[in-house]
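# Structure at a glance
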Amino acid sequence: MEKGVGAMAIVEVTIIPLGTGSGSVSEYVADVHRILEAAEENIKFQMTPMSTIIEGDLHDILEVVKRMHEHPFTKGAPRVSTSIRIDERRDKPSSIEQKMQSVRNKLKK
């Protein structure tokens, strides 16, 4: 598979607003989820208890993550810590579902 031709990235992102005066971040998580739902980029996403998984073109994902990262600042957070892990295959198609199915298949053995 050529670079950029059909290449799909899977990105795990965690955004933590700091200095908000509260130990709860669920309101920030809900706001970030709304950003994902409204994204015009061609992405798929899955929220987990500890992070969000996003699938799509890496350039598109990073544009969305940039908006997600900026959002807590607009709500008054003085500091935001964002962690990003990128899994990008260029040798064959990859998706969240394909990765999960691969593990399920191995569990059947």
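Procedures and definitions
- Residues numbered from 1 in each chain as written.
- Predicted model: local features only at pLDDT ≥ 70, side-chain atom pairs only at ≥ 80, totals over all residues.
- Heavy atoms only, no water.
- Helix = DSSP H or I, 4+ residues; strand = E, 2+ residues; numbered from the N terminus.
- Buried < 20%, exposed > 50% of the residue type's maximum accessible area, 1.4 Å probe, protein only.
- Salt bridge = Lys/Arg side-chain N within 4 Å of Asp/Glu carboxyl O.
- pLDDT = per-residue confidence, 0-100.
- Contact = heavy atoms within 4.5 Å.
- Pairing = 2+ DSSP bridges.
- Axes fitted to C-alpha atoms, helices over the stretch in contact; angles between N-to-C directions.
- Expected span 1.5 Å × (residues − 1).
- Arc of directions from axis to C-beta.
- Core = buried A, V, L, I, M, F, W, Y, C linked by side-chain atoms within 4.5 Å.

### Concerning the overall build of the protein
Each helix and strand in the protein was counted, giving three helices and four strands. Sequence-ordered secondary structure for the protein, helices as α and strands as β, is β-α-β-β-α-β-α. In terms of overall dimensions, the protein has C-alpha extents of about 50 × 35 × 20 Å along its principal axes. Expressed as a percentage of the 109 residues in the protein, the buried residues total 30%.

### Regarding the pattern of salt bridges
All chains considered together, the criterion is met by eight salt bridges. With a shortest N-O distance of 2.3 Å, Lys99 and Asp87 are connected by a salt bridge. Of this pair, Lys99 sits in helix H3 (residues 96-107) while Asp87 sits in strand E4 (residues 79-89); the two residues are twelve residues apart in sequence, bridging distant segments of the chain. Under the relative-accessibility criterion, Lys99 is labelled partly exposed at 33%.

### Section: the confidence of the model for the protein
Reading predicted coordinates in detail is not appropriate for stretches of low pLDDT. Per-residue confidence for the protein gives a mean pLDDT of 90; residues scoring 70 or more make up 94%. Highest mean pLDDT in the protein belongs to helix H2 (residues 58-74) (97); lowest belongs to H3 (89). For residues 1-5, every residue scores under 50 in pLDDT, and the model assigns this stretch seven contacts once sequence neighbours within four places are set aside.

### Some thoughts on the sheet that holds E4
Pairing within the open sheet is antiparallel, and its four strands lie in the order E2-E3-E1-E4. Single-partner strands in this sheet number two, and they are strand E2 (43-47) and E4. Each adjacent strand pair in this sheet contributes to an overall mean axis angle of 20 degrees, direction not counted. Looking at chain direction, strand E1 (residues 8-18) and strand E3 (residues 52-56) are connected through five bridges and run antiparallel. Looking across to E3, one finds that Val13 is bridged to Thr52.

### As for the environment of Lys66
Within the secondary structure layout, Lys66 lies in helix H2. The spacing of Lys66 and Thr82 is 16 residues in sequence and 9.7 Å in space, taken between C-alpha atoms.

### Quick look at helix H1 (residues 26-38)
Under the 1.5 Å per step criterion, the end-to-end length of H1 is 18 Å for 13 residues, consistent within 8% with the ideal 18 Å. Among the residues of H1, Tyr28, Asp31, Val32, Ile35 and Leu36 are the ones counted as buried. Down the axis of H1, the sector holding all buried residues measures 150 degrees, keeping them to one side. Structural note: H1 exposes Glu27, Glu37 and Ala38 on the side pointing more than 90 degrees away from its buried face. The elements touched by buried residues of H1 are E1, E2, E3 and H2.

### Section: the nonpolar core
In this structure, Ile43, Ile54, Ile61 and Met68 are the most contacted members of the largest nonpolar core, which totals 18 residues. Counting residues per element, the ones that place at least two in this core are E1, H1 and H2. The biggest single contributor to this core is H2, with five residues. In this structure Ile54 touches Ala9, Ile10, Val11, Val13, Leu36, Ile43, Lys44, Phe45, Ile61, Val65 and Met68, once residues within four positions along its chain are discounted.

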